[in-house]
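Listed below are the residues making up each chain.
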Amino acid sequence: VFINKESAMFKQIVTIFRGRAAEAGEAVIDANAMTILNQQIRDCVAAIESTKRTLALAIAQERQEQARLEKIAARIEGLEARAAQALDAGNEDLAMEAAEAIASMENEHADASEALARHARETERLRGVVKQAQSRLTELERGRRTAKKNAAVLKLRDVQCGTDASFHSTLREAEATLSRLKERQGDLDAAAQALDELEADNSPDTVEDKLAKAGFGPPTSTQATDVLERLKASRASAGGGNSPKAK
């Protein structure tokens, strides 16, 4: 039983390591997905270019073989005409040699035509493969451009989110600092005002003013009523001095 428990635990540990390795591998692939896609597209482009070169060579060979078959057909036609002339001239032996050559060339032409037909079918299949691959590559290129744009937008959003968070955090900190400064300044202003009031209460000038207002002794400052009375008295005095001259 103990051995079975150890075996089961070991299997679990191995499974954990395998799972961690798979997750790490997937994380690496996800983090480098654009790099992987770019390389895969480059590999596709190289493969398509290689296939195109193969197709071009096959088409060239097909054209060369077609030209050779046309030459064989022309020779057969020429030999048939010559053999007919030999028969007309009664030279059957020479006509037989021509017939043997014609038969050999016709067999060669038939075999080459069959091979050319197979080659043409393969060339056409290869042409379709290249066309389909080119179309899929175009779609991949379009998808890659879209993916790059999306990645740039997501990156910009990540940067913006980080900037916004830092910006708003800094704003909140600055506002809190300003609030503390205002509170501190208010406390200092209140303390200064209280100190001024305390100093004023203990000042001799303040005590003297209080005594003067209570009627003990002359006023310590000129009042508006005193100025008005003085102006009236001055005018009355000036009017009395001028009346005898008027008489």
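Since this is a predicted model, take the numbers as computed values, not measurements.

A.B. asks: Looking at this structure, how should I read the overall build of the chain?
C.D. replies: Counting its regular elements, the chain contains 5 helices and 0 strands. Sequence-ordered secondary structure for the chain, helices as α and strands as β, is α-α-α-α-α. Scored against the burial criterion, the 247 residues of the chain give a buried share of 9%. Within the structure as shown, the chain displays about 20100 Å² of accessible surface, and the carbon and sulfur contribution to it stands at 57%.

A.B. asks: What exactly am I supposed to notice about a negative patch on the surface here?
C.D. replies: Together, Glu92, Asp93, Glu97 and Glu100 make up a negatively charged patch on the protein surface. Structurally, Glu97 can be placed in helix H3 (residues 92–201).

A.B. asks: Just checking my understanding: could you explain the side chain of Thr123 for this structure?
C.D. replies: With respect to the helices and strands, Thr123 occurs in helix H3. Apart from the residues within four sequence positions on either side, Thr123 is in contact with Leu55, Ala58, Ile59 and Glu62.

A.B. asks: So what exactly am I meant to see when it comes to the side chain of Arg144 here?
C.D. replies: With respect to the helices and strands, the residue Arg144 is situated in helix H3. At 3.2 Å, the side chain of Arg144 and the side chain of Asn38 are in polar contact. Residues within four places of Arg144 in sequence aside, it is in contact with Met34, Leu37, Asn38 and Ile41.

A.B. asks: Explain the pattern of salt bridges here, please?
C.D. replies: Between side chains of opposite charge, a pair can form as their charged atoms come close. Summed over the entire model, instances satisfying the criterion amount to 8 salt bridges. Here Arg68 and Glu108 are joined by a salt bridge, their closest N and O atoms 2.8 Å apart. Placement of the pair is Arg68 in helix H2 (residues 33–88) and Glu108 in helix H3, with a sequence separation of 40 residues. You can call Arg68 partly exposed: its relative accessible area is 33%.

A.B. asks: Teacher, can you tell me more about H2 here?
C.D. replies: In an α-helix, one full turn covers 3.6 residues, which means residues spaced three or four apart are oriented alike. Between its first and last C-alpha atoms H2 spans 81 Å; for 56 residues at 1.5 Å apiece the expected length is 82 Å, and the two agree. Every buried residue belonging to H2 is among Asn38, Ile41, Ile48, Leu55, Ala58, Ile59, Leu69, Ile72, Ile76, Ala83 and Ala86, and all of these are buried. Downstream of H2 by a residue or two, Gly90 has a phi angle that is positive, lying close to 85 degrees.

A.B. asks: Could you clarify how one ought to interpret a nonpolar patch on the surface in this entry?
C.D. replies: Judged by side-chain polarity, Met9, Ile13 and Phe17 come together as a nonpolar surface patch covering roughly 340 Å² of accessible area. For Ile13, a relative accessible area of 37% corresponds to the partly exposed category.

A.B. asks: What am I meant to see in the environment of Ile72 here?
C.D. replies: You can see Ile72 is positioned in helix H2. Measuring from C-alpha to C-alpha, the distance between Ile72 and Ile102 comes to 9.6 Å, with 30 residues separating the pair along the chain. Ignoring any residue separated from it by four or fewer positions in sequence, one finds Ile72 in contact with Met105, Glu108 and His109.

A.B. asks: Please clarify how the environment of Leu140 should be interpreted in this entry.
C.D. replies: Note on placement: Leu140 falls in helix H3. Expressed as a C-alpha distance, the spacing of Leu140 and Ile41, which sit 99 residues apart in the sequence, is 7.4 Å.

Cut-offs used in this document
- Residues numbered from 1 in each chain as written.
- Predicted model: local features only at pLDDT ≥ 70, side-chain atom pairs only at ≥ 80, totals over all residues.
- Heavy atoms only, no water.
- Helix = DSSP H or I, 4+ residues; strand = E, 2+ residues; numbered from the N terminus.
- Buried < 20%, exposed > 50% of the residue type's maximum accessible area, 1.4 Å probe, protein only.
- Areas by Shrake-Rupley, 256 points an atom, 1.4 Å probe, with all protein chains shown as cover.
- Patch = residues over 30% accessible without salt bridge, like charges linked within 9 Å, V, L, I, M, F, W, Y side chains within 5 Å.
- Salt bridge = Lys/Arg side-chain N within 4 Å of Asp/Glu carboxyl O.
- Lys, Arg positive; Asp, Glu negative; His and termini not counted.
- Charge placed at Lys NZ, Arg CZ, Asp CG, Glu CD.
- Contact = heavy atoms within 4.5 Å.
- Polar contact = N/O pair within 3.5 Å; in protein donor to acceptor, adjacent residues only side chain to side chain.
- Expected span 1.5 Å × (residues − 1).

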